[in-house]
Amino acid sequence: MAIQEIAIKDIVYREDLYPRQEVDNNLIEKYQQSVELLPPIKINQVNILIDGRHRWNAHQRAGATSIKAEIIQTESEAHLEILAYELNSLHGKQLTNAEKKKFAVKKCELLTIKEISRIILVQERTVRDWTHTKRKELEEYRNERIFADNLRAWNTQADIAEKYGVSRQTVSDIIKKYAENGKIAKSGEILDFKPFPYSIWNLAKSDETSYFGAFPKVYMENLLYYFTELMSTVYDPFSGNGTSVDVCKAMRRRYYCSDRIVIPGREDDIKQWDIADGLPEDLPLPDLAFLDPPYWVQAENKYSKDSQDLANMSLDNFYATFEGFLKELIGRKAKKIAIVIQPTQYKNYLTYEDHIFHFAKVLEAKYKIEMRCILPYSSQQYNAQMVEKAKEKKICLGLHRDLVIWRLV
Ligand SMILES: C[S@@+](CC[C@H](N)C(=O)[O-])C[C@H]1O[C@@H](n2cnc3c(N)ncnc32)[C@H](O)[C@@H]1O
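Residues numbered from 1 in each chain as written. Predicted model: local features only at pLDDT ≥ 70, side-chain atom pairs only at ≥ 80, totals over all residues. Heavy atoms only, no water.

Colleague: Hey, could you go over the overall build of the chain for me, with residue numbers and the actual values?
Modeller: Check the secondary structure of the chain and you find 13 helices and 13 strands. Expressed along its principal axes, the backbone C-alpha trace of the chain runs to roughly 100 × 45 × 40 Å. By residue count, 46% of the 409 residues in the chain fall in the buried class. When contacts within the chain are restricted to residue pairs at least 6 apart in sequence, long-range pairs at least 24 apart make up 69% of them. Carbon and sulfur atoms provide 51% of the accessible area of the chain, an area that totals close to 22100 Å². Charge separation in the chain, taken as the distance between the mean sites of 59 positive and 59 negative side-chain charges, equals 4 Å. (Helix = DSSP H or I, 4+ residues; strand = E, 2+ residues; numbered from the N terminus. Buried < 20%, exposed > 50% of the residue type's maximum accessible area, 1.4 Å probe, protein only. Contact = heavy atoms within 4.5 Å. Areas by Shrake-Rupley, 256 points an atom, 1.4 Å probe, with all protein chains shown as cover. Lys, Arg positive; Asp, Glu negative; His and termini not counted. Charge placed at Lys NZ, Arg CZ, Asp CG, Glu CD.)

The structure is reproduced here in structure tokens:
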């Protein structure tokens, strides 16, 4: 038995560990008179108090700086909980049924029915009844997490089964059940959603965020509505602010989202990845790859000042890097590829670079255009001075993005 002198201030008191919360003040006062005669308290290897709260309090009141403690090695949280309960039940008055029930409900996440029944000496059937509602809530919460993990397309069902200690069949049943749940119809559309009926996607009001170049949510909803199905896998290697993540979650699409720079708070849903390194190894076959790259120099230094940022490259490097990546996606046989980009009008609007035609050339051998949509900007993006200048030079100002969706043939 390892008994040591431990500093009072180092003892860790965990309120949740003990079956009974009330403190017996008279007992502490009695103990306080003769702390040196008290048997050692029991703590574990990281100083968590397992048994001896009154003795510890008595030492504190007596102004002692250390206390004798027996150190018990606990192997797990469950082991610690069981010991704390058993040792505390050995002395003092019997626990009431209400106290036992409270303990059972509190501990049923961590301990099995069998373990609880053995510790509190109550039949398993009673423990099962007492904990029914709580166990249902816990199961619901676990199932939601299983479903959320499955939407992150880098997780396989086998990974998830292992993580939650359930069978693959259970994982597959939960996914099936949850896919068709909630505020969406069976096909995965948001119930109050109204798709754009025509190929010009006019926004009634902009839902732009503070993230430069974020793709409006409504556009993403339409893209997924028209070109994917419930539980399709969507790959977005330029996730930025994470519009795809949010809309995929709402419409029950699996998503593989990444970006060169992951904005803080999005680490669970967006992976850090530079497209110059090709396709990530754990990417499953995408039903739809959605590519929303920086619109070249229009976004210069907006996302970062790094030379690896597509917005900061020369035009040749921009095409070489992006098209190299596109070829890998083609090689991987992504079922659909959607690209959104605005033509660049630069050098005082005199030079016009229509990017989408470059990309179309790379895709044309293996892919067929399924649809081309025009995504207009508001004319407010040009001020009166710019418009005057353009008029003088007989220049027509560009005011739209192209969104083209290709299908593997
Ligand atoms: C137009 S924004 C994407 C916006 C996103 N769709 C959204 O809704 O928030 C372009 C993104 O490309 C990323 N990017 C730039 N160069 C990259 C590269 N080489 N590899 C991966 N991502 C890159 C930027 O960090 C930026 O977030």
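Following the structure, the description resumes.
Colleague: Account for the site of the ligand, naming residues and giving values.
Modeller: Near the ligand lie 23 residues; those nearest to it are Tyr211, Asn241, Thr243, Asp259 and Asp292. Measuring from a nitrogen atom of the ligand, one finds a backbone N or O atom of Phe238 at 3.4 Å. Here the ligand loses 100% of its free accessible area of 600 Å² to cover by the protein chains. (Near = heavy atom within 4 Å. Polar contact = N/O pair within 3.5 Å; in protein donor to acceptor, adjacent residues only side chain to side chain.)

Colleague: Describe the packing of aromatic side chains, and please don't skip the residues or the numbers.
Modeller: The full count for this structure, using the stated rule, is 24 aromatic pairs. Residues Phe322 and Phe359 carry aromatic rings whose centres are separated by 4.5 Å and whose planes lie at 45 degrees to one another, so their mutual orientation is tilted. Of the two residues, Phe322 sits in helix 11 (residues 315–331) while Phe359 sits in helix 12 (residues 355–363), which places them 37 residues apart along the sequence. Owing to a relative accessible area of 0%, Phe359 belongs among the buried residues under this scheme. Within the aromatic cluster, the residues linked to one another by ring pairs are Trp154, Tyr235, Phe238, Tyr256, Phe318, Tyr319, Phe322, Phe325 and Phe359. (Phe/Tyr/Trp six-rings, centres within 6.5 Å; stacked < 30°, edge-to-face > 60°.)

Colleague: Account for the sheet that holds strand 4 (residues 66–72), with residues named and values stated.
Modeller: Strand order in this open sheet of 4 strands is 1-4-2-3, and the pairing throughout is mixed. If you trace the sheet from one side to the other, it starts and ends with strand 1 (3–7) and strand 3 (49–51), each paired once. Sheet twist, expressed as the mean angle between neighbouring strand axes with direction ignored, is 50 degrees. Note: strand 1 against strand 4, 5 bridges, orientation antiparallel. (Pairing = 2+ DSSP bridges. Axes fitted to C-alpha atoms, helices over the stretch in contact; angles between N-to-C directions.)

Colleague: Which residues make up the environment of Trp406, and what values do they have?
Modeller: Within the secondary structure, Trp406 sits in strand 13 (residues 400–408). With 248 residues separating them along the chain, Trp406 and Ala158 place their C-alpha atoms 32 Å apart. Once you skip the residues sitting within four places of it in the chain, Trp406 turns out to touch Lys335, Lys336, Ile337, Ile339, Ile356, Ala360, Leu363, Tyr367, Lys368, Ile369 and Glu370.

Colleague: Provide a residue-level description of the pairing of strand 6 (residues 254–259), including the pertinent values.
Modeller: For strand 6, the buried fraction is high: 6 of the 6 residues fall into the buried class. The alternating pattern of strand 6 places Arg254, Tyr256 and Ser258 on one face and Tyr255, Cys257 and Asp259 on the opposite face, and all of these are buried. Summarising the sheet, strand 5 (residues 233–236) and strand 6 pair through 4 bridges and their orientation is parallel. Residue pairing across strands places Tyr235 opposite Tyr256, the latter belonging to strand 6. Each parallel crossover has a hand, and the one from strand 5 via helix 10 (residues 243–250) to strand 6 is right-handed. (Right-handed = clockwise from strand over helix to strand, strands pointing away.)

Colleague: Tell me about the sheet that holds strand 8 (residues 288–291), and name the residues and values.
Modeller: Strand order in the open sheet made by the 7 strands is 7-6-5-8-9-13-12, with mixed pairing throughout. Edge strands, defined here as strands with exactly one partner in the open sheet, are strand 7 (270–272) and strand 12 (367–376). Going from strand to strand, the sheet's axes swing by 20 degrees on average, the running direction of each strand aside. Strands in contact with helix 10 are strand 5, strand 6, strand 7 and strand 8; relative to strand 6, the strand with the most contacts, it is inclined by about 170 degrees. Docked against the sheet, helix 12 engages strand 9 (336–341), strand 12 and strand 13, running at close to 165 degrees with respect to strand 9.

Colleague: Can you lay out the pattern of salt bridges for me, pointing to particular residues and giving the numbers?
Modeller: On inspection of all chains with the given rule, the structure shows 25 salt bridges. A salt bridge links Asp246 to Arg266; its shortest N-O distance comes to 2.8 Å. Pair noted here: Asp246 is in helix 10 and Arg266 is in the loop between strand 6 and strand 7, with a separation of 20 residues, a long-range link. A salt bridge links Lys336 to Glu370, with the shortest nitrogen-to-oxygen separation between them at 3.5 Å. Of this pair, Lys336 sits in strand 9 while Glu370 sits in strand 12; the two residues are 34 residues apart in sequence, bridging distant segments of the chain. For Glu370, a relative accessible area of 26% puts it in the partly exposed group. When salt bridges with common partners are traced through the structure, they connect Arg14, Asp16, Glu77, Glu81 and Lys107 into a single cluster. (Salt bridge = Lys/Arg side-chain N within 4 Å of Asp/Glu carboxyl O.)

Colleague: Which residues make up the side chain of Gln345, and what values go with them?
Modeller: With respect to the secondary-structure elements, Gln345 resides in strand 10 (residues 344–346). Under the relative-accessibility criterion, Gln345 is labelled buried at 16%. Among the polar contacts listed, one links the side chain of Gln345 to the backbone nitrogen of Gly398, at a separation of 2.9 Å.

Colleague: Give a detailed account of helix 10, specifying residues and quantitative values.
Modeller: Inspection of helix 10 places Thr243, Ser244, Val245, Val247 and Cys248 among the buried residues, and these make up the whole buried set. Of the surrounding secondary structure, the elements contacted by the buried residues of helix 10 are helix 9 (217–227), strand 5, strand 6, strand 7 and strand 8. Backbone geometry just after helix 10 places Arg252 at a positive phi near 55 degrees.

Colleague: With reference to specific residues and values, describe helix 7 (residues 157–164).
Modeller: Residues Ile160, Ala161 and Tyr164 constitute the buried set of helix 7. On an axial view of helix 7, the arc spanned by its buried residues comes to 100 degrees, and they lie on one face. The outward face of helix 7, more than 90 degrees from its buried face, is lined by the exposed residues Glu162 and Lys163. Backbone geometry just downstream of helix 7 places Gly165 in the positive-phi region, at approximately 65 degrees. (Arc of directions from axis to C-beta.)

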